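Commentary on secondary and tertiary structure
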Amino acid sequence: MQLHYLTAHQLHDMLVSKKISAEEITRSVFDRIEQVEEKIRAYVTLTKEQAVSCARLVDKARMEGEALPPLAGIPVAVKDNMCTKGVRTTCASKILYNYIPPYNATVMEHLNEARAVMVGKTNMDEFAMGSSCENSALFTTCNPWDTNRVPGGSSGGSAAAVAAGEAILALGSDTGGSIRQPASFCGVVGMKPTYGAVSRYGLVAYASSLDQIGPFARDVTDCALLLNVICGHDPLDSTSAPYDVPDYTSFLTGDIKGVKIGVPREYMGEGIDPAVREVIKKAIDIFTGLGAVLEETTLPHTEYALPAYYLIAPAEASSNLARYDGVRYGYRAEDAGDLVDMFVKTRSEGFGPEVKRRIMLGTYALSAGYYDAYYNKALKVRTLIKADFDRAFEQFDLLLGPTAPVTAFKRGEKVNDPLQMYMVDICTLAVNLAGIPAISIPAGMVDNLPVGLQLMGRPFGEGDILRAAYAFEQNTDHHRKLPE
Amino acid sequence: MVSIKDVEHVAVLARLSFTDEEKQVYAKQLSDILEHARKLQDLNTDNIPPTAHVLPLQNVFREDRVGEHMLVDKVLANAPDRQDNFFKVPKIV
């Protein structure tokens, strides 16, 4: 039986009814990895031995009559920017290539408590900077639907792993769309939770006021189950929000009658591939047919999200990445003369071109004489972008649009033109600037490539988003399509 | 317009070094990106407060208690160079 393409909730049912063991599930996923990983290249590090012994412990617990939590024995892939105790965490960078964290990120502690099984660490754009996975200093991951195309970025390894059956679930991080955009390109479910909903402790920081860890899954139910595990306040993270985490599966009723959904015209106009727009229009008809009330609305400052993001995120990155100096961990350049020379050589040899570009951009935007014109201006525009959403959510329960303006593009197509590459994130960036939650779900295909539908909600309105996403999923079969 | 001189100045601040060819590439690319960012100047933001962060943040403190902490060897395990219980770096003075 091909266990690797089942969902976590299906596998859980089979596990508790003793039709299969956790070890069988884990081995099935590793068999699949052996079969396709050479083509896909989703993983930086595989942790098979650890995974099998973890699965055996789940089987032992089941034998002893313990009740298994929903994700017990479920294989999960983890983006390689989350610290995993004793397991190499590279951020797909030469500068962290040999780093073995002495501690776990809080999300890893949650996964362990849930008795999930970590399959390995997935490839990404270096330090989560990119929209195609081509900025990894290690290798490029391929899109399972067409291996000549990118899986999206920066969590491309995690999205590709789930789409190709190399993991049942995965964790990614989303700073400007890095979960939703690869989810869209790879035809899986990906969610960026509200800023502060998931602890960032142990997540290697890119842009601290925007980064958020979130789930990848094959369907909305699995997304809710993983969200249940990772959400919650963490005293180790000063940006973690104290709030009561509901059971997200309780929102999966299938009923969205009377739910008010706004369709911002800025997300459906110029810059969006007409074929992608058609898919989203069909999705709108489905929501209407289910009794939701859809109306056009406006987020007037949308066009300013891209420039604001590409000043704010690099500014925070330039500050966060100052810690890589070759002193305490990571790569150190050889034959450096004095200390400053060692810093400069280490950083120049250790960081890749995109990371350096963003450090330079951020340092420039924060430097004397430019701070007000660029960085402070961008923060003020961020206020306007957030106010757009606040106003929209006074009238609507959710907002809807495409996740990305295009389907997965070919490898090498945009890599030499940073501005073109940044444009791919135009539908996702504003969500991070405003700190609200959003999901990408499979909504259809264009030329045999998946198209993602994005649903955005009020802060901590993950439940409302899941409710609508689930209703859509129950009435379509896009999420059941698999790459060959 | 970002000049080669600007790139050199910012590189010093960022503790990075570039070849002449890289300097040219970065000057061009940063100019393009900043040119795009000039769009923000179209908006009047005189009375708009900046949003650095969407959540009201507060410091997180722990109690000052004697307890178990990470062992020195663990802390130093990832160090590129060490001597006894210290991180070793090139001579400073």
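Rules used throughout
- Residues numbered from 1 in each chain as written.
- Chains lettered and ligands numbered in written order.
- Predicted model: local features only at pLDDT ≥ 70, side-chain atom pairs only at ≥ 80, totals over all residues.
- Heavy atoms only, no water.
- Helix = DSSP H or I, 4+ residues; strand = E, 2+ residues; numbered from the N terminus.
- Rg over C-alpha atoms; globule rule 2.2 N^0.38 Å.
- Buried < 20%, exposed > 50% of the residue type's maximum accessible area, 1.4 Å probe, protein only.
- Contact = heavy atoms within 4.5 Å.
- Areas by Shrake-Rupley, 256 points an atom, 1.4 Å probe, with all protein chains shown as cover.
- Lys, Arg positive; Asp, Glu negative; His and termini not counted.
- Charge placed at Lys NZ, Arg CZ, Asp CG, Glu CD.
- Patch = residues over 30% accessible without salt bridge, like charges linked within 9 Å, V, L, I, M, F, W, Y side chains within 5 Å.
- Salt bridge = Lys/Arg side-chain N within 4 Å of Asp/Glu carboxyl O.
- Buried area = accessible area lost by both parts, 1.4 Å probe.
- Core = buried A, V, L, I, M, F, W, Y, C linked by side-chain atoms within 4.5 Å.
- UniProt positions renumbered as here; feature names shortened; annotations may be inferred.
- Axes fitted to C-alpha atoms, helices over the stretch in contact; angles between N-to-C directions.
- Parallel < 35°, antiparallel > 145°, perpendicular 65-115°, else oblique.
- Left-handed = near helix turned anticlockwise from the far one by under 90°.
- Nonpolar A, V, L, I, M, F, W, Y, C, P; charged D, E, K, R; others polar.
- Disulfide = S-S within 2.5 Å.
- Phe/Tyr/Trp six-rings, centres within 6.5 Å; stacked < 30°, edge-to-face > 60°.
- Lys NZ or Arg CZ within 6 Å of the ring centre and 35° of its normal.

1. Some thoughts on the overall build of chain A
Helix and strand counts for chain A come out as 15 helices and eleven strands. The C-alpha atoms of chain A give a radius of gyration of 21 Å, which matches the 23 Å a tight globule of 484 residues would have. For chain A, the C-alpha atoms occupy an extent of roughly 65 × 50 × 45 Å along the three principal directions. Across the 484 residues of chain A, 69% fall into the buried class. In chain A, once contacts between residues fewer than 6 apart in sequence are set aside, the share between residues at least 24 apart is 76%. Within the structure as shown, chain A displays about 15900 Å² of accessible surface, and the carbon and sulfur contribution to it stands at 48%. Within chain A, one finds 47 positive and 58 negative side-chain charges whose respective centroids are separated by 1 Å.

2. A look at a nonpolar patch on the surface
Residue and element names in this part refer to chain B. Where nonpolar side chains cluster on the molecular surface, the patch consists of Met70, Val75 and Phe87 and spans about 230 Å² of accessible area. Position of Val75 relative to the elements: it lies in helix H3 (residues 72–76). Classification of Val75 by relative accessible area gives partly exposed; the value is 38%.

3. Some thoughts on unusual backbone geometry
The omega torsion of the bond from Gly153 of chain A to Ser154 of chain A falls at 0°, within 30 degrees of zero and hence cis. For Asp335 of chain A, which is not a glycine, the phi torsion comes out positive at approximately 55°. Secondary-structure assignment places Asp335 of chain A in the loop between helix H9 (305–320) and helix H10 (339–350). In this structure, Asp84 of chain B is a non-glycine residue whose phi angle is positive, near 50°. Residue position: Asp84 of chain B is located in the loop between strand E1 (82–83) and strand E2 (86–87).

4. What about the interface of chain A and chain B?
Taken together, the contacts link 68 residues of chain A with 47 residues of chain B. Three residues stand out in chain A for area buried against chain B, namely Met360, Tyr364 and Lys377 of chain A, and they jointly supply 14% of the buried area on that side. Counting across the interface, chain A meets chain B through one salt bridge. A salt bridge links Lys39 of chain B to Glu303 of chain A, with the nearest nitrogen and oxygen atoms 2.9 Å apart.

5. Things to note about the nonpolar core
In this structure, Phe127, Phe287, Phe389, Leu400, Ile439 and Leu466 of chain A are the most contacted members of the largest nonpolar core, which totals 183 residues. In terms of nonpolar packing, the next biggest core, distinct from the first, is built from seven residues, Val150, Phe185, Ala404 and Met421 of chain A among them.

6. A closer look at the UniProt feature "active site" (unreviewed entry) in chain A
Residues and elements named next belong to chain A. With numbering aligned to this structure, UniProt lists the feature "active site" (unreviewed entry) at Lys79, Ser154 and Ser178. The greatest C-alpha distance among the annotated residues, which extend across 100 residues, is 11.0 Å, indicating that they converge on a single site. When sequence neighbours within four positions are dropped, the list of residues in contact with Lys79 reads Lys121, Thr122, Met124, Ala128, Ser154, Ser155, Ser158, Leu171, Gly172, Ser173 and Ser178. Of the residues examined, Ser154 reaches a relative accessible area of 0% and is grouped as buried. Beyond its immediate sequence surroundings of up to four residues, Ser154 is in contact with Lys79, Asn123, Met124, Asp125, Ala128, Met129, Gly130, Cys133, Ser173 and Ser178.

7. Here's the deal with the packing of helix H7 (residues 220–230) of chain A against helix H15 (residues 462–474) of chain A
Residues and elements named next belong to chain A. Axis separation between H7 and H15 bottoms out at 9 Å; the angle between their running directions is 160°. Of the possible angle classes, the one that applies to H7 and H15 is roughly antiparallel. Between H7 and H15 the crossing geometry is left-handed. Seen from H7, the contacting residues are Val220, Thr221, Cys223, Ala224 and Leu227; seen from H15, they are Glu462, Leu466, Ala469, Tyr470 and Glu473. By residue class, the composition of the contact of H7 with H15 is seven nonpolar, one polar and two charged.

8. Some remarks on the UniProt feature "domain: Amidase" (unreviewed entry) in chain A
Per the UniProt record, the feature "domain: Amidase" (unreviewed entry) sits at residues 24–466 of chain A. Along residues 24–466 of chain A the backbone is 38% helical and 14% strand, and the end-to-end C-alpha distance reaches 30 Å.

9. Things to note about the environment of Phe251 of chain A
All names here are of chain A. With respect to the helices, strands and loops of the structure, Phe251 is situated in the loop between H7 and strand E7 (260–264). Classification of Phe251 as buried rests on a relative accessible area of 18%. A sequence separation of 214 residues divides Phe251 from Ile465, and the C-alpha atoms of the two residues are 8.9 Å apart. Residues contacting Phe251, with those up to four places away along its chain left out, are Pro246, Gly463, Asp464 and Arg467.

10. A word on the side chain of Thr297 of chain A
Along the chain, Thr297 of chain A turns up in strand E8 (residues 293–297). Discounting chain neighbours no more than four positions away, the residues touching Thr297 of chain A are Gly262, Val263, Pro264, Arg265, Glu266, Phe396 and Leu399 of chain A.

11. Focus: the state of the cysteines
All names here are of chain A. Under the definition given, this model contains zero disulfides over all chains. Between Cys133, a free cysteine, and Cys186, which holds the nearest cysteine sulfur, the sulfur-to-sulfur gap is 8.7 Å. Taking relative accessible area as the criterion, Cys133 reaches 0% and is therefore assigned buried. We classify Cys186 as buried; its relative accessible area is 1%.

12. Some thoughts on the environment of Ala313 of chain A
Residue and element names in this part refer to chain A. Locating Ala313 in the fold gives a position in helix H9. On the basis of relative accessible area, Ala313 is assigned to the buried category, the value being 0%. Taking the C-alpha atoms as reference points, Ala313 and Thr175, separated by 138 residues in sequence, lie 8.1 Å from one another. Setting aside chain neighbours within four positions, we find Ala313 in contact with Tyr206, Ala207 and Leu210.

13. What about the pattern of salt bridges?
Residue and element names in this part refer to chain A. A full pass over the atoms with the stated rule returns 22 salt bridges over all chains. Measuring nitrogen to oxygen at the nearest pair gives 3.0 Å for the salt bridge that ties Asp80 to Lys121. Of this pair, Asp80 sits in the loop between strand E2 (75–79) and helix H4 (106–113) while Lys121 sits in strand E3 (residues 117–122), and the two are 41 residues apart along the sequence. Exposure class is identical for Asp80 and Lys121. Each is buried. Across the salt bridge formed by Arg265 and Glu296, the nearest N and O atoms sit 3.0 Å from each other. In this pair, Arg265 is assigned in the loop between E7 and helix H8 (274–289) and Glu296 in strand E8, connecting sequence segments 31 residues apart.

14. A short note on the packing of aromatic side chains
The geometry of an aromatic ring pair is captured by the separation of the ring centres together with the interplanar angle, meaning the angle of the planes. One pass over the full model with this rule turns up 18 aromatic pairs over all chains. Ring centres of Tyr243 of chain A and Phe460 of chain A lie 4.7 Å apart, and the angle between their planes is 45°; this geometry places the pair in the tilted category. Taken as a pair, Tyr243 of chain A in the loop between H7 and E7 and Phe460 of chain A in the loop between strand E11 (449–457) and H15 lie far apart in primary sequence, 217 residues in all. Residue classification places Tyr243 of chain A among the buried positions, given a relative accessible area of 18%. Assessed through its relative accessible area of 31%, Phe460 of chain A is described here as partly exposed. Among the aromatic residues, those joined into a ring-pair cluster are Tyr99, Phe127, Tyr324, Tyr329 and Phe351 of chain A. Sitting over the ring of Phe139 of chain A, Arg41 of chain A keeps its end group 4.2 Å from the ring centre. Above the face of the Tyr304 of chain A ring, Lys39 of chain B is positioned so that its terminal group lies 5.7 Å from the ring centre.

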